[in-house]
Amino acid sequence: MPSEHDYWNQMYANACDACLPSARYRPRLSIDGDRWCALYGDDLQNGVAGFGASPELAYWDFDRAWCEKLGTAKEAP
């Protein structure tokens, strides 16, 4: 049985995760070639997207892209 300390640590982790852009805005997840794409918006030109070898990595990349200023994004390899 988890301790009260473990319980509150998990509650804190859940609250932190809920604040991530990928949890808040729920981008669409799809497969794009050989990688996953998390896309918020109508298309790549007008939306925010993240890519990765797994859904988790696509969401992480989405969270990173969400926080970037316009004109600072690096081209995907």
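Everything in this summary refers to the structure shown in the same document. What you see is a predicted model, and the numbers here were worked out from it, not measured in a lab.

Conventions and cut-offs
Throughout, residues of each chain are indexed from 1 in the direction in which the sequence is written. Only residues with pLDDT of at least 70 get local features here, since the model is predicted, and only at 80 or more are side-chain atom pairs given and counted; chain-wide, interface and lining totals rely on the full set of residues. Just so you know, side-chain values use all the structure's heavy atoms and leave hydrogens and water out. We call two strands paired when DSSP finds no fewer than two bridges between them. We count a stretch as a helix when DSSP gives it H or I for four or more residues in a row; a strand needs E for two or more, and each element gets its number in order from the N terminus. For salt bridges, the criterion is a side-chain nitrogen of Lys or Arg within 4 Å of an Asp or Glu carboxyl oxygen. Two rings from Phe, Tyr or Trp (for Trp, the six-membered ring) form a pair when their centres sit within 6.5 Å of each other. Planes less than 30 degrees apart are called stacked, planes more than 60 degrees apart edge-to-face, and all others tilted. Remark: exposure states derive from per-residue accessible area (1.4 Å probe, protein chains only) relative to the maximum for the residue type, with buried under 20%, exposed over 50%, and partly exposed in between. Between N-to-C directions, angles cover 0 to 180 degrees, with each direction set by a line fitted to C-alpha atoms, over the stretch in contact for helices. By definition, residues are in contact when any of their heavy atoms lie within 4.5 Å.

### Regarding the pairing of strand S2 (residues 35-40)
So, step 1. Two elements, strand S1 (residues 28-32) and S2, share 5 bridges in a ladder whose sense is antiparallel. Bridge assignment links isoleucine 31 to a residue of S2, and that residue is tryptophan 36.
So, step 2. Here S1 hands over to S2 after 2 residues, with glycine 33 in that stretch at a positive phi of 70 degrees.
So, step 3. Pairing of S2 with strand S3 (residues 48-52), which is carried by 5 bridges, proceeds in the antiparallel orientation. From the neighbouring strand, cysteine 37 faces S3, where its bridge partner is phenylalanine 51.

### So, the pattern of salt bridges
So, step 1. Throughout the structure, instances matching the rule amount to 2 salt bridges.
So, step 2. The partner of glutamate 68 in a salt bridge is arginine 64, with the nearest N and O atoms 2.4 Å apart.
So, step 3. Overlapping salt bridges, with partners in common, bring together Asp61, Arg64 and Glu68 in one network.

### Let's talk about the packing of aromatic side chains
So, step 1. As enumerated under the stated definition, the model contains 5 aromatic pairs in all.
So, step 2. Residues tyrosine 40 and tryptophan 66 carry aromatic rings whose centres are separated by 5.6 Å and whose planes lie at 75 degrees to one another, so their mutual orientation is edge-to-face. Of this pair, tyrosine 40 sits in strand S2 while tryptophan 66 sits in helix H3 (residues 55-66), and the two are 26 residues apart along the sequence.
So, step 3. For tyrosine 40, a relative accessible area of 36% puts it in the partly exposed group.
So, step 4. A ring pair is formed by phenylalanine 62 and tryptophan 66, whose centres lie 5.7 Å apart and whose planes are at 40 degrees; its orientation type is tilted. Taken together, the residues phenylalanine 62 and tryptophan 66, both in helix H3 and 4 residues apart, mark about one turn of the helix.
So, step 5. A relative accessible area of 29% means that tryptophan 66 is categorised as partly exposed.
So, step 6. Among the aromatic residues, ring-to-ring pairing joins Tyr25, Tyr40, Phe62 and Trp66 into one connected group.

### Considering the sheet that holds S1
Two modes of strand pairing occur in sheets, parallel and antiparallel, and in both the strands are linked by backbone hydrogen bonds.
So, step 1. The antiparallel open sheet is built from 3 strands, whose spatial order is S1-S2-S3. The open sheet terminates on both sides in strands that have one partner only, identified here as S1 and S3. Sheet twist, expressed as the mean angle between neighbouring strand axes with direction ignored, is 25 degrees.
So, step 2. Sheet contacts for H3: S1, S2 and S3; angle to S3, the most-contacted strand, approximately 145 degrees.

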